[in-house]
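Fold and contact review
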Amino acid sequence: MAGNITFTMIKPDAVGAGNSGAIIKMIEDSGFKIIAMKYTRLSRKRAEQFYMVHKERPFYNDLCDYMSSGNIIPMILENNNAVEDFRKLIGATNPQDAAEGTIRNLFAESIEANAIHGSDSDENAGIEGSFFFSDMERF
Ligand code: UDP
Ligand code: MG
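1. Observations regarding the site of ligand 1
- Every residue close to ligand 1 is listed here: Lys11, Tyr51, His54, Phe59, Leu63, Arg87, Thr93, Arg104, Ile111, Glu112 and Asn114.
- Here an oxygen atom of ligand 1 sits 2.8 Å away from a polar atom, N or O, in the main chain of Glu112.
- Protein chains shield 82% of the accessible area of ligand 1, which is 500 Å² for the free molecule.
- A class-by-class count of the residues in the shell around ligand 1 yields four nonpolar, three polar and four charged.

Given below as structure tokens:
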């Protein structure tokens, strides 16, 4: 059965552009409940750790520079079928491919600065949530 928890973070482009309020409103209006949230910034080293799974990809270095370039808002969200439904709400990685009305369609600047992260599996939602919230196990 699909889990009811996912992890997200609003990325530096969207926070810097003042879009975090609009994005949080879309998340809540879509039925997701925010059960943990903070406003913070990743060091270069922490960004490298978060995206370790992509370390062999050509975009890894740029991505780590970008993700440590400004403030972010990580959150843990609750909803039925959370991981899959949240990926639908954010849209495709490349905003040019993101469906109309998705968060990335509305707010992303580029394939790299694409406004928001969403976990791709229940397992990764747990790993990524624990990366930011030490009390994740209570969820
Ligand atoms: N990314 C990038 N160039 C690419 C693919 C991805 O800069 O060609 C960045 C982008 O910020 C993306 C992140 O790396 O959100 C993680 O990539 P992934 O393929 O996991 O995409 P996502 O799961 O975020 O849609
Ligand atoms: Mg991914």
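2. Observations regarding the pattern of salt bridges
- All chains considered together, the criterion is met by six salt bridges.
- With a shortest N-O distance of 3.0 Å, Lys25 and Asp29 are connected by a salt bridge. Residue Lys25 and its partner Asp29 are both found in helix H2 (residues 20-29); the two are separated by four residues, about one turn of the helix.
- When its relative accessible area of 56% is taken as the criterion, Asp29 is described as exposed.
- With its nearest N and O atoms 2.5 Å apart, the salt bridge here joins Arg44 to Glu48. Note that Arg44 and Glu48 are positioned in helix H3 (residues 44-50) at a spacing of four residues, about one turn of the helix.
- On the accessibility criterion, Glu48 (27% relative accessible area) is partly exposed.

3. Regarding the layout of surface pockets
- Estimated volume of the largest pocket: approximately 630 Å³.
- For the lining of the largest pocket, the secondary structure elements donating two or more residues are H3, strand S5 (116-118) and helix H7 (122-132).
- Considering each element in turn, the lining of the largest pocket owes the most residues, four residues, to H7.
- Here the lining of the largest pocket is built from residues that sort into eight nonpolar, seven polar and seven charged.

4. Overview of helix H4 (residues 60-67)
- Turning to H4, its buried residues are Tyr60, Leu63, Cys64, Tyr66 and Met67. Seen from one end, H4 has its buried residues packed into an arc of 165°, which puts them on one side.
- Of the surrounding secondary structure, the elements contacted by the buried residues of H4 are strand S1 (5-10), helix H1 (12-16), H3 and strand S4 (71-78).

Rules of the game
Residues numbered from 1 in each chain as written. Chains lettered and ligands numbered in written order. Predicted model: local features only at pLDDT ≥ 70, side-chain atom pairs only at ≥ 80, totals over all residues. Heavy atoms only, no water. Near = heavy atom within 4 Å. Polar contact = N/O pair within 3.5 Å; in protein donor to acceptor, adjacent residues only side chain to side chain. Areas by Shrake-Rupley, 256 points an atom, 1.4 Å probe, with all protein chains shown as cover. Nonpolar A, V, L, I, M, F, W, Y, C, P; charged D, E, K, R; others polar. Salt bridge = Lys/Arg side-chain N within 4 Å of Asp/Glu carboxyl O. Helix = DSSP H or I, 4+ residues; strand = E, 2+ residues; numbered from the N terminus. Buried < 20%, exposed > 50% of the residue type's maximum accessible area, 1.4 Å probe, protein only. 1 Å grid on protein atoms, 1.4 Å probe; cavity = no way out; pocket = protein on both sides within 12 Å on 5 of 7 lines; lining within 4 Å. Points joined across faces, edges and corners; volume = space filled by probe spheres on them. Arc of directions from axis to C-beta. Contact = heavy atoms within 4.5 Å.

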